[in-house]
Amino acid sequence: MDLQSELARFGPAADFRPVSVVDAQAYCRRLAESHYENFTVVSRLFPRRLYQHLCNVYAYCRWADDLADESTREQAIELLDWWQRELDAVYAGESRHPVFVALRETIQQFMLPREPLADLLTAFRRDQAQQRYETLDELLSYCDKSANPVGRIVLFLGNSASDENIQLSDSICTGLQLANFWQDVKRDYDNGRIYIPREFCQVRGWNEAQFAAGQCDDAFRELLAPLVATAERQIEAGSELIRRVNRDLRLPIRVFAAGGRAVLAAIRKNRYDVWSHRPTVGRLLKLRILASAVVQSAWWQ
């Protein structure tokens with residue numbers, strides 16, 4: 001998304017008329033389909049009736065993410081505060097921005113609460129102030145606002161948002177985000193962030209200089225191994241969710257969980273060397289994961 005162009009059209013200083021629901025939904029579809037190459041693939045795991053609502057939620061997240069990432073720190077905070085006011089307005093029955101005109105339909109149809117949408121903004125604000133984490137608990141508190149709300153939103157769209165299901169979903173989403181952190185240690189460091197908690201680094205004698213050098217040694221392997229295991233335990237701890245949700249959600253949840261486990265397996269196979277080569281899941285393995293998930297989901301229906 002060209003943020004500056006979109007801010008000129010629909011930003012806090014822009015003078016525009018409220019759009020119709022039809023036009024707002026079309027805007028969200030264009031944003032989802034043209035700015036995230038995996039969106040179409042992921043959305044096909046869900047029933048077609050949820051497609052527009054997934055686009056609406058994606059457009060909300062896309063705007064928030066770009067407001068946080070494509071501005072100076074001071075500007076990002078101001079723009080996220082504006083986005084928060086737009087969110088508050090839609091829950092007060094008012095909407096003008098095309099994303100919120102479309103999102104209002106989703107909120108009303110699925111009784112989607114404000115909290116998970118607001119939590120995402122809390123995480124984006126935290127990103128502006130924090131690039132290092134002292135403890136694993138501190139990192140998990142970040143996941144609770146950045147990853148877990150996405151799973152909660154999906155549960156509401158799938159009419160499966162019981163308290164027990166939310167807890168299981170939180171576990172899977174946290175595990176998936178941790179897997180992404182360990183996969184992207186180098187990429188995140190290059191962008192100024194270290195998600196590996198300092199308490200783990202200190203035990204293995206890793207410091208900022210060694211992150212800058214970016215070489216995988218035995219100390220780093222011993223550092224990353226228990227963190228990979230933690231991510232795997234989180235995903236496994238939520239696996240019961242697949243049997244508990246409505247059938248519409250079983251396939252995507254099964255695929256997401258299997259994909260996370262595959263990333264962790266790739267890290268192990270690469271002997272925890274995430275510096276010289278980013279561990280990824282190949283196309284053939286992705287197809288196998290999808291095929292297995294389809295078969296298992298059909299079996300449990």
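If you're wondering where the values come from, they're calculated on a predicted model, not measured in any experiment.

Moving on: the packing of aromatic side chains. Given two aromatic rings, their pairing is described by the distance between the two centres and the angle made by the two planes. Per the counting criterion, the structure on display carries 21 aromatic pairs. For the pair F10 and F16, a centre-to-centre distance of 5.1 Å together with 90° between the ring planes defines the contact as edge-to-face. Considered together, F10 and F16 belong to a single accessibility category, that of buried residues. Judged by centre distance (5.8 Å) and plane angle (25°), the ring pair of Y133 and Y195 falls under stacked. On the criterion of sequence distance, the pair formed by Y133 in the loop between helix 7 (114-129) and helix 8 (136-146) and Y195 in the loop between helix 11 (185-190) and helix 12 (198-204) is long-range, its members being 62 residues apart.

For helix 5 (residues 73-91), built from 19 residues, the straight-helix expectation of 27 Å at 1.5 Å per residue is met to within 8% by its first-to-last C-alpha distance of 27 Å. When we look at burial in helix 5, the residues that qualify are A76, L79, L80, W82, W83, Q84, E86, L87, A89 and V90. Elements that come into contact with the buried residues of helix 5 comprise helix 1 (3-10), helix 4 (51-69), helix 6 (98-110) and helix 7. Looking one or two residues past helix 5, G93 carries a phi angle of roughly 90°, positive in sign.

Let us now look at the side chain of S171. In this fold, S171 is placed in helix 10 (residues 163-183). In this structure S171 comes out as buried when scored by relative accessible area, which is 12%. When residues no more than four places from it in sequence are discounted, the contact partners of S171 are Q234, I235, A237 and G238.

Further remarks concern the nonpolar core. Counting residues in hydrophobic clusters, the biggest one holds 60 residues, and the most contacted among them are Y60, W63, L67, W83, L87, V99 and L121. With eleven residues, the single largest contributor to this core is helix 4. Residue contacts for W83: discarding those within four places in its chain leaves Y60, W63, A64, L67, H97, V99, F100 and L121. Ranked by size, the runner-up nonpolar core spans 35 residues in total, among them L139, I194, F220 and V228.

Criteria and cut-off values
- Throughout this description, residue numbers start from 1 for each chain and increase along the sequence as written.
- At least 70 in pLDDT is required for a residue's local features to be given in this predicted model, at least 80 for side-chain atom pairs to be given and counted, and no such filter applies to totals for whole chains, interfaces and linings, which use all residues.
- Excluded from the side-chain calculations are hydrogens and water; all other atoms, namely the structure's heavy atoms, are used.
- Pairing of aromatic rings covers Phe, Tyr and Trp, the last counted by its six-membered ring, and requires centre-to-centre distances within 6.5 Å; plane angles under 30 degrees mean stacked, over 60 mean edge-to-face, and any other angle means tilted.
- Three labels apply to residues, based on accessible area from a 1.4 Å probe with only protein chains included: buried if under 20% of the type maximum, exposed if over 50%, partly exposed otherwise in between.
- Strands here are runs of E lasting at least two residues and helices are runs of H or I lasting at least four, both read from the DSSP assignment and numbered beginning at the N terminus.
- What a helix is expected to span follows from its residue count: subtract one and scale by 1.5 Å.
- Note on definitions: a residue-residue contact is assigned when non-hydrogen atoms from the two residues lie within 4.5 Å.
- Here, the term nonpolar core denotes a set of buried Ala, Val, Leu, Ile, Met, Phe, Trp, Tyr and Cys residues that are joined through side-chain atoms within 4.5 Å.

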